[in-house]
Amino acid sequence: MSHRFIRSILLFVLVVGLAPTALHAQYDILIRGARLLDGTGNPWYYADVAVTEDRIAAVGRLEGATARSVLDARGLYLAPGFIDVHTHAANGLTTAELSSAHPLLAQGLTTVIVNPDGGGPVDVARQRRALEEHGLGVNVAQLIPHNSIRRQVLGMEDRAPSADELQRMKALVRAGMEEGAFGLSTGLFSAPGNYAETEEVIELARVVAEYQGTYASHIRDESDYSVGVVAAVEEVISVAREAKLRGLVTHIKALGPRVWGFSSALISRIERAREQGVEVFADQYPYTASATSLVAALVPRWAEVGGREQLLRRMRDPQVRPRLAADMEENLDRRGGASRIQFRRYEPDPSIEGRTLQQVAEQQSQGPIDAAITLITAGNPAIVSFNMHEDDVATLMRRPWVMTCTDGGLGPMGEGVPHPRTYGAFPHKIRSYVVDEQVISLAAAIRSMTGLPATVFRIRDRGFVRPGALADLVVFDLDQVRDRGTYQEPHQLSEGMVHILVNGVLAVQDGQFTDRTAGRVLALQE
């Protein structure tokens, strides 16, 4: 029997859905005896999964089947490859280092969505070429970043765009969607996105809606900095309703003691909107600490108008500094104080990385605000901020419209003291919130990492284990799944992933990286 004839039979099976066991088919890879979590949220069931080229060829009891490579998954779980809907990994993935994908693969990730929070390059076509240049360990989907577009057209000005400027912004969004972007991301909390009115965002989102894309927003306020977290969530709902597209409250949270307990109010707003027919979702990283820059956390947006040079001028101005310091003091209180802010990266003085603002201020014999101004004047400190309540994290996690994300950066291993979510968000959720605390079931957690993200972002043929789907698969040992990184020592790869397939190619086999680069840059319209 010819190889071509066998392929024809397999194609017939995929089309009509016949069980292939009677055909004694030959596959490329056969995973036997797994507890299958198929991405739908259904409980696990025993199944074999066969792969031919880059597709799942069959799912079921495949007793008569053979394959070039057979993986024994007895006692293990099999799931779709995990999808990270919010990551800052793009720059790391453009390097020639094959190990750049290891922190992602070690978590079970096979697809990541980049350019969140309105950040990243305006030219997604150029970014695509950079991602593809050295090969990819995982699949990458791109978003169009609003902050970058606004900065290109308006700079750091705090004003509405003119009619011509708005058309230029819309043209940039359209160009990105034509290149295959999956939607628009905004960072309305930070400058210059914060200077945009809701109507501007709606107009840009309408372009995205023409392509059936998604709108993902780092909301305007996650605490009570300005409009308040509830009103900020309602803004996402308004954009989704008016532009007629899916809206995503990205890394949903109630940030700071002043709004602890507000998770119930956020849930009620989102579920009421969904009852009214508005498509609204959220994603979440499973931690009580966030990560941002010291400027974004403490500096009021009025002080950033005009860019960094104008900010530094205001910091030096004896007439302006008292007002600036007072506003920064208020923002520090929102974060719970200087002991809750830990530095994760600071190029002028890496020795402060891993220490708190309180510790640095005491060493410098300064108050926390004066110390913060000193640090900002010399560089751009990146921080971890311990400012969420565990009850809010768990309450939000239980909602069926909440996906999982890392919100992680991805640089060289050992660089800085990043948030441990970069290395462990997905295993941390499984270990801490499924196994240990039993906040959610394993099937629900896997759905939040696979089928739900694929559905929200319209990632075709991924996120589910079914015949015909692309073979992004992860086999894991539930007893061994765990994150190892800590806030002081975050550069630790997670454990428990036994086999990982990316587009039908083994990226991890028997717990070891193969460094085969089978990842692709995806396009919404493909």
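To be clear, the structure that these remarks concern was listed above.
Not measured: the values here are computed from a predicted model. (Residues numbered from 1 in each chain as written. Predicted model: local features only at pLDDT ≥ 70, side-chain atom pairs only at ≥ 80, totals over all residues. Heavy atoms only, no water.)

K.L.:
Would you mind going over the packing of aromatic side chains with me for this structure?
P.N.:
The relation between two aromatic rings is expressed through the spacing of the ring centres and the mutual angle of the planes. Going through the model one piece at a time under the given rule, you end up with six aromatic pairs. On the numbers, 4.9 Å between centres and 75° between planes, the contact of tryptophan 44 with tyrosine 46 is edge-to-face. Judged by its relative accessible area of 33%, tryptophan 44 is partly exposed. Considering the side-chain rings of tyrosine 77 and phenylalanine 476, the 5.6 Å spacing of their centres and the 15° angle between planes classify their relative orientation as stacked. Taken together, the residues span a long stretch of sequence, with tyrosine 77 in strand 5 (residues 77-80) and phenylalanine 476 in strand 18 (residues 473-476) at a distance of 399 residues. The same class applies to tyrosine 77 as to phenylalanine 476, namely buried. Among the aromatic side chains, those forming a connected cluster through ring pairs are Tyr77, Phe82, Phe426 and Phe476. Looking at arginine 35, its charged tip hangs above the ring of tryptophan 44, at a distance of 4.5 Å from the centre. Sitting over the ring of phenylalanine 281, arginine 274 keeps its end group 4.7 Å from the ring centre. (Phe/Tyr/Trp six-rings, centres within 6.5 Å; stacked < 30°, edge-to-face > 60°. Buried < 20%, exposed > 50% of the residue type's maximum accessible area, 1.4 Å probe, protein only. Helix = DSSP H or I, 4+ residues; strand = E, 2+ residues; numbered from the N terminus. Lys NZ or Arg CZ within 6 Å of the ring centre and 35° of its normal.)

K.L.:
Any chance you could explain the packing of helix 7 (residues 198-210) against helix 8 (residues 229-243) here in plain terms?
P.N.:
The N-to-C vectors of helix 7 and helix 8 enclose an angle of 45°; their axes lie 9 Å apart at closest approach. Considering their axes alone, helix 7 and helix 8 lie oblique with respect to each other. The element helix 7 and its partner helix 8 pack so that their crossing is right-handed. Of helix 8, the residues touching helix 7 (which contributes Thr198, Val201, Ile202, Ala205, Arg206 and Ala209) are Glu235, Ser238, Val239, Glu242 and Ala243. Looking at the contact of helix 7 with helix 8 residue by residue, the class counts come to six nonpolar, two polar and three charged. (Axes fitted to C-alpha atoms, helices over the stretch in contact; angles between N-to-C directions. Parallel < 35°, antiparallel > 145°, perpendicular 65-115°, else oblique. Left-handed = near helix turned anticlockwise from the far one by under 90°. Contact = heavy atoms within 4.5 Å. Nonpolar A, V, L, I, M, F, W, Y, C, P; charged D, E, K, R; others polar.)

K.L.:
Help me understand the environment of proline 286, please; the structure alone is not making it clear to me.
P.N.:
With respect to the element layout, proline 286 can be found in the loop between strand 13 (280-284) and strand 14 (289-293). Between the alpha carbons of proline 286 and isoleucine 383 there is a distance of 18 Å; along the sequence they are 97 residues apart.

K.L.:
I keep staring at unusual backbone geometry and nothing clicks. Help me out?
P.N.:
Trans peptide bonds make up the majority, and among non-glycine residues the majority have a negative phi. With an omega of 5°, the peptide bond running from alanine 191 to proline 192 counts as cis. Residue position: proline 192 is located in the loop between strand 10 (183-187) and helix 7. A positive phi angle is found at arginine 458, which is not glycine, with a value near 60°. Within the secondary structure, arginine 458 is located in the loop between helix 18 (451-456) and strand 18. By relative accessible area, which is 34% here, arginine 458 ends up partly exposed.

K.L.:
When you look at the side chain of threonine 406 in this model, what are you seeing that I'm missing?
P.N.:
Tracing the backbone through its elements, the reader meets threonine 406 in the loop between strand 17 (402-404) and helix 16 (421-436). In terms of polar contacts, threonine 406 uses its side chain to reach the backbone amide nitrogen of glycine 408, at 3.0 Å. (Polar contact = N/O pair within 3.5 Å; in protein donor to acceptor, adjacent residues only side chain to side chain.)

K.L.:
Would you explain a nonpolar patch on the surface in this entry?
P.N.:
On the surface, Trp44, Tyr45 and Tyr46 cluster together to form a nonpolar patch covering roughly 300 Å² of accessible area. Take tryptophan 44: it is sitting in the loop between strand 1 (26-36) and strand 2 (45-52). (Patch = residues over 30% accessible without salt bridge, like charges linked within 9 Å, V, L, I, M, F, W, Y side chains within 5 Å. Areas by Shrake-Rupley, 256 points an atom, 1.4 Å probe, with all protein chains shown as cover. Salt bridge = Lys/Arg side-chain N within 4 Å of Asp/Glu carboxyl O.)

K.L.:
Help me understand helix 17 (residues 442-449) in this model?
P.N.:
Since the α-helix turns once every 3.6 residues, residues separated by three or four places project in the same direction. Burial analysis of helix 17 places six of its eight residues in the buried class, which makes it a mostly covered element. For helix 17, the elements touching its buried residues are strand 5, strand 6 (82-84), strand 17, helix 16, helix 18 and strand 18.

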